[in-house]
There are 2 protein chains.
Amino acid sequence: MPTPTVENYLKALYVQPPAPGQQPTELIPMGQVAEAMRVSPGTATSMMKTLAEAGLVEYEPRAGVRLSERGLALALQILRRHRLIEQFLVQVLGLDWSEVHDEAEELEHAISDKVLERIDLLLGHPDTDPHGDPIPPSHGQPAHVELTPLSLAEVGAQVTVARVLDQQPDFLNFAHQHGLTPGSRLTVLAHQPAADAITCQPEGAPSLTLGTAAAGKILTLIEQTAS
Amino acid sequence: MPTPTVENYLKALYVQPPAPGQQPTELIPMGQVAEAMRVSPGTATSMMKTLAEAGLVEYEPRAGVRLSERGLALALQILRRHRLIEQFLVQVLGLDWSEVHDEAEELEHAISDKVLERIDLLLGHPDTDPHGDPIPPSHGQPAHVELTPLSLAEVGAQVTVARVLDQQPDFLNFAHQHGLTPGSRLTVLAHQPAADAITCQPEGAPSLTLGTAAAGKILTLIEQTAS
DNA sequence: TGTTCGCATTATCATAGACTAATGCTTGCA
DNA sequence: TGCAAGCATTAGTCTATGATAATGCGAACA
Ligand SMILES: [Mn+2]
Ligand SMILES: [Mn+2]
Ligand SMILES: [Mn+2]
Ligand SMILES: [Mn+2]
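Below: a short report on this structure. Worth saying up front: this structure is predicted, and the values here are computed from it rather than measured. Sequence positions are assigned chain by chain, starting from 1 and proceeding in written order. Lettering of chains starts at A and numbering of ligands starts at 1, both following the order in which they are written. pLDDT decides what is reported in this predicted model: residues at 70 or higher carry local features, side-chain atom pairs at 80 or more are listed and counted, and totals for whole chains, interfaces and linings draw on all residues regardless. Calculation of side-chain values draws on the structure's entire complement of heavy atoms; hydrogens and water are dropped beforehand.

1. Things to note about the relation of the copies chain B and chain A
The condition is simple: Alignment of the copies relies on least squares applied to C-alpha atoms, considering only residues that score at least 70 for pLDDT in both. Throughout, a contact is declared for two residues whenever any of their heavy atoms are within 4.5 Å.
For the pair chain B and chain A, the best superposition has an RMSD of 0.0 Å and corresponds to a rotation of 180 degrees with a translation of 0.0 Å parallel to the axis. Taken together, the rotation and translation describe the operation of a two-fold axis. Of the interface residues in chain B, 100% have counterparts in chain A that sit at the interface too, so the contact is made through matching surfaces.

Laid out in structure tokens, this is it:
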């Protein structure tokens, strides 16, 4: 059984965004690992060697690391725990979606498979967490759904918010207050490239202008394009 | 915030049974600490010095340790977490009372005050856990209730099982199968000192003979003495 | 083709928690 | 009154995980 530290590294490796245009099987450079885990570069290197010893990653000196098959399976297991716990904390205990990430970050290392499956049952086998992140099944990869960042949705399109990529409480509170939670519908009103902004109209809330960076963190399902 | 290891030591110190006839404020010898925590004597000594440094225990070399006021408050907090979690696992997730102790042993270190108070609310502020152990309030000591070990109950008495002291799954399964769970009522039929045994009649279950040691782990509330 | 700059690696050290083995108190008994 | 047996303490080591600082490699640019 891996330590909490090892579990955190594996999860971090899994969720690293591939560099633009890269396959997710490409090598992750050590600097990125160090930054993701907020440790020094030396610590990252030595930890990656340890994980490689344990067969959880493939490590190529001066090139980077990628998860091995075993490492990937473990990472998905931790991610499943994390996201089911988040959903549980919101649905059953009534916590706010802005505070469950940090709670789950600890609980994911303490919960047994048995308790986890009870939670899954109680929740009716959800397939996403409160932020719209997919919950991996107990075996195998989560299904892939094609989503469009709000920043790229066409003017006039009607979209449904499906997933919010930023876990920061401030951002989540902001999104909640403006009707940008998974399931809420909105219409894209305008792009303002010069202002680096986009304006949209959430259903049942005032219209809203967001910077491109923020809009890029809101992933949507296109319901209807501009007619 | 103490580490999980420190929390476990404090909890263990709190639940150490005082030697027969001792006040619970007496010093606990190092051998007892080492045995309770299943570590070597040297480890116990060095850990107690560390805890003394941190002001959580009073340590007298070659005599023993006792919890300080701060250590006691912390121990009660951990115990509250442990027992509320156990009750939650049984009541909400439907786990068996024989398996929740080990689960809670991990979760007690991972759960936040916020989540804990939500659980407490959801359960309706229970004051005992599934084994009948009292749940300490968020501040202060748990109320003391006078209970009688089944081994000492008089022949002919009607008693209600209030608390089961052994957390071993085997013992708990045995107790459950024979109707010896908190809340179940039974009548004491006979003492057989020569056989080191006691016979009782649980309501709605076959009568049962137990060794004195086992009967001593079943604490009861006397409902009615022999007429 | 050579050099430099950015990143990675190595070397050294620290801390928490554990172990084993050697040593040292203390107390009860002769 | 003295000593041995039973505990407890100390000394030295180990592993996991971190840090810092010195060194090294290699890709891109001159
Ligand atoms: Mn975590
Ligand atoms: Mn999430
Ligand atoms: Mn514990
Ligand atoms: Mn209990």
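Moving on from the model shown.
2. Notes on the coordination of the manganese ion (ligand 2)
All names here are of chain A. Selection criterion: Metal donors: N, O and S atoms at distances within 2.8 Å, or within 3.2 Å for Na, K and Ca, with water omitted from the atom set so that some sites may seem incomplete. Residue burial is assigned from relative accessible area. The probe radius is 1.4 Å, only protein chains are included, and a residue is buried under 20% of its type maximum, exposed over 50%, and partly exposed in between.
For the manganese ion (ligand 2), the full set of protein donor atoms is Glu 86 (OE), Asp 129 (OD) and His 131 (ND1), and the range of their distances to it is 2.1 to 2.3 Å. All donor residues of the manganese ion (ligand 2) come from one chain, and their arrangement in sequence is E-x42-D-x1-H. Across this residue pair, the class does not change: Asp 129 and His 131 are buried.

3. Quick look at the interface of chain B and chain A
Heads up, the condition is: When two parts are brought into contact, each loses some accessible area as probed by a 1.4 Å sphere; the total of that loss over both is the buried area. Salt bridge criterion: a side-chain nitrogen from Lys or Arg within 4 Å of a carboxyl oxygen from Asp or Glu. A 3.5 Å cut-off defines polar contacts: any pair of N or O atoms within that distance qualifies, except that in protein one atom must be a possible hydrogen donor and the other a possible acceptor, and neighbouring residues in sequence count only when both atoms are side-chain atoms. In this text, helices come from DSSP runs of H or I with a minimum length of four residues, and strands from runs of E with a minimum of two, each type numbered from the N-terminal end. Only Asp, Glu, Lys and Arg are considered charged in this grouping, and only Ala, Val, Leu, Ile, Met, Phe, Trp, Tyr, Cys and Pro are considered nonpolar; every other residue, Gly among them, is considered polar.
At the interface, 18 residues of chain B touch 18 residues of chain A. Together, the buried faces of chain B and chain A total about 1,500 Å²; carbon and sulfur atoms form 67% of this surface. Together, B:Leu93, B:Ala110 and B:Arg118 form the three largest contributors to the area buried by chain B at its contact with chain A, with a combined 33%. Our count for the chain B to chain A interface comes out at 2 salt bridges. Ionic pairing is found between A:Glu99 and B:Lys114, a salt bridge with its closest N-O pair at 3.1 Å. Inspection of the region where chain B meets chain A yields 8 residue pairs in polar contact (both at pLDDT 80 or more). Those elements giving two or more residues to the side of chain B that touches chain A turn out to be helix 4 (69-91), helix 5 (100-107) and helix 6 (113-122) of chain B. Broken down by element, the side of chain B that touches chain A gets its largest block of residues, 5 residues, from helix 6 of chain B. Tallied by class, residues from the side of chain B that touches chain A come to 11 nonpolar, 2 polar and 5 charged.

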